[in-house]
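Listed below, chain by chain, are the residues.
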Amino acid sequence: MALPTPTLETDRLRLRPFTADDAEPLFALNSDADVLRYWDSPPWTDRASIARFMDGCRRMEEEGSGARVAIERTDDGTFIGWATFNSWNPDFRSASLGYCLNQEAWGHGYATESARAILGWAFDALDLNRVQSETDTRNVASARVLEKLGFLREGTLREDCIVNGDVSDSWVYGLLRRDWEG
């Protein structure tokens, strides 16, 4: 069952399906080692990664497993990052949430604003009961975003990721429908 990628508007942001125009800013974001220092994969080094990412977006939509959206500021249309709602399981009424924003967007509340919009859409449109998110234990800013949204830290995945030889732990966060305040 297909899951159409939504277009969502907030006070300052538009979350929308990716287009070909997003290729260069997407590559710049995902090849930035500082942005991806807490990510579960290394920065992109080849442009073929763009096509794989875009294909992944289409597959998620076609298979109905989730949605990836580009995040842009509404005042000037600047691409500032992306967010993903994936691993949707309609039987369990659960899914996962993630986001990646460029450095210029950090500290302005955009991650919280975009994640809140996705969560609102997902809880309303898909009758979710639970959303999970994980963050590297060193990424305190991301942990704060999740906590602002009502997520509770449920545990630690020890030595969960090894990226370029760097071993890291991840915190697991969960948000239940009954705790969602939208």
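Predicted model only: the values in this text are computed from it and were never measured. (Residues numbered from 1 in each chain as written. Predicted model: local features only at pLDDT ≥ 70, side-chain atom pairs only at ≥ 80, totals over all residues. Heavy atoms only, no water.)

**So, the overall build of the chain**
What the chain contains, in helices and strands, is 4 helices and 8 strands. The linear arrangement of helices and strands in the chain, starting from the amino end, is β-β-α-α-β-β-β-α-β-α-β-β. Here the chain has a C-alpha radius of gyration of 16 Å; the compact-globule value for 182 residues is 16 Å, and the two agree. Dimensions of the chain, computed from C-alpha atoms along their principal axes, come out at roughly 40 × 35 × 30 Å. Within the chain, buried positions represent 47% of all 182 residues. When contacts within the chain are restricted to residue pairs at least 6 apart in sequence, long-range pairs at least 24 apart make up 60% of them. Summed over its atoms, the accessible surface of the chain is roughly 9400 Å², and 47% of this surface lies on carbon and sulfur atoms. (Helix = DSSP H or I, 4+ residues; strand = E, 2+ residues; numbered from the N terminus. Rg over C-alpha atoms; globule rule 2.2 N^0.38 Å. Buried < 20%, exposed > 50% of the residue type's maximum accessible area, 1.4 Å probe, protein only. Contact = heavy atoms within 4.5 Å. Areas by Shrake-Rupley, 256 points an atom, 1.4 Å probe, with all protein chains shown as cover.)

**Remarks on the packing of aromatic side chains**
Going through the model one piece at a time under the given rule, you end up with 8 aromatic pairs. Ring centres of F18 and F53 lie 5.2 Å apart, and the angle between their planes is 80°; this geometry places the pair in the edge-to-face category. Here the residue F18 occupies a position in the loop between strand 2 (13–16) and helix 1 (23–30), and F53 occupies one in helix 2 (residues 48–63), the gap between them amounting to 35 residues. F53 sits in the buried class, given a relative accessible area of 7%. (Phe/Tyr/Trp six-rings, centres within 6.5 Å; stacked < 30°, edge-to-face > 60°.)

**Topic: the packing of helix 1 against helix 2**
Here helix 1 crosses helix 2 at 105°, and the two axes come no closer than 10 Å. In terms of orientation, helix 1 and helix 2 fall into the roughly perpendicular class. Taken together, the residues of helix 2 that come into contact with helix 1 (itself represented by A23, L26, F27 and N30) are I50, F53 and M54. Counted by class, the contact of helix 1 with helix 2 contains 6 nonpolar, 1 polar and no charged residues. (Axes fitted to C-alpha atoms, helices over the stretch in contact; angles between N-to-C directions. Parallel < 35°, antiparallel > 145°, perpendicular 65-115°, else oblique. Nonpolar A, V, L, I, M, F, W, Y, C, P; charged D, E, K, R; others polar.)

**Details of the environment of L146**
Structurally, the position occupied by L146 is in helix 4 (residues 140–148). When sequence neighbours within four positions are dropped, the list of residues in contact with L146 reads Y99, S133, T135, F151 and Y173.

**Concerning the nonpolar core**
Ranked by size, the top nonpolar core spans 37 residues in total, and within it F85, L119, L128 and F151 carry the most contacts. Of all elements in the fold, only strand 2, strand 3 (67–73), strand 4 (79–89), strand 5 (94–101), helix 3 (110–126), helix 4 and strand 8 (166–176) reach the threshold of two or more residues within this core. Aside from chain neighbours lying at most four places away, what touches F85 is L3, M60, S65, G66, A67, A95, S96, I118, W121, A122, L126 and L128. Core analysis: the second largest hydrophobic core is formed by 16 residues, A23, V35, L36 and F79 among them. (Core = buried A, V, L, I, M, F, W, Y, C linked by side-chain atoms within 4.5 Å.)

**Comments concerning unusual backbone geometry**
A negative phi angle characterises most non-glycine residues, just as the trans form characterises most peptide bonds. Despite not being glycine, S87 has its phi angle at roughly 55°, a positive value. For S87, the location among the structural elements is in strand 4. Take S87: its relative accessible area is 49%, and that puts it in the partly exposed class. Look at E159: it is not a glycine, yet its phi comes out positive at around 45°. Along the polypeptide, E159 turns up in strand 7 (residues 152–163). Accessibility expressed as a relative area gives 60% for E159, which makes it exposed.

**Points about the pairing of strand 2**
Pairing geometry for strand 1 (residues 8–9) and strand 2, over 2 bridges, is antiparallel. Its bridge partner being in strand 2, L8 is matched across the sheet by L15. Hairpin connection between strand 1 and strand 2: a loop of 3 residues separates the two successive antiparallel strands. (Pairing = 2+ DSSP bridges.)

**Looking at the side chain of E72**
Here E72 lies in strand 3. Here the side chain of E72 touches R14 through a polar contact of 2.6 Å, side chain to side chain. Within polar-contact distance, the side chain of E72 engages the side chain of R16 at 3.0 Å. For E72, the residues in contact, after removing those within four places along its chain, are R12, L13, R14, R16, G77, T78, F79 and I80. (Polar contact = N/O pair within 3.5 Å; in protein donor to acceptor, adjacent residues only side chain to side chain.)

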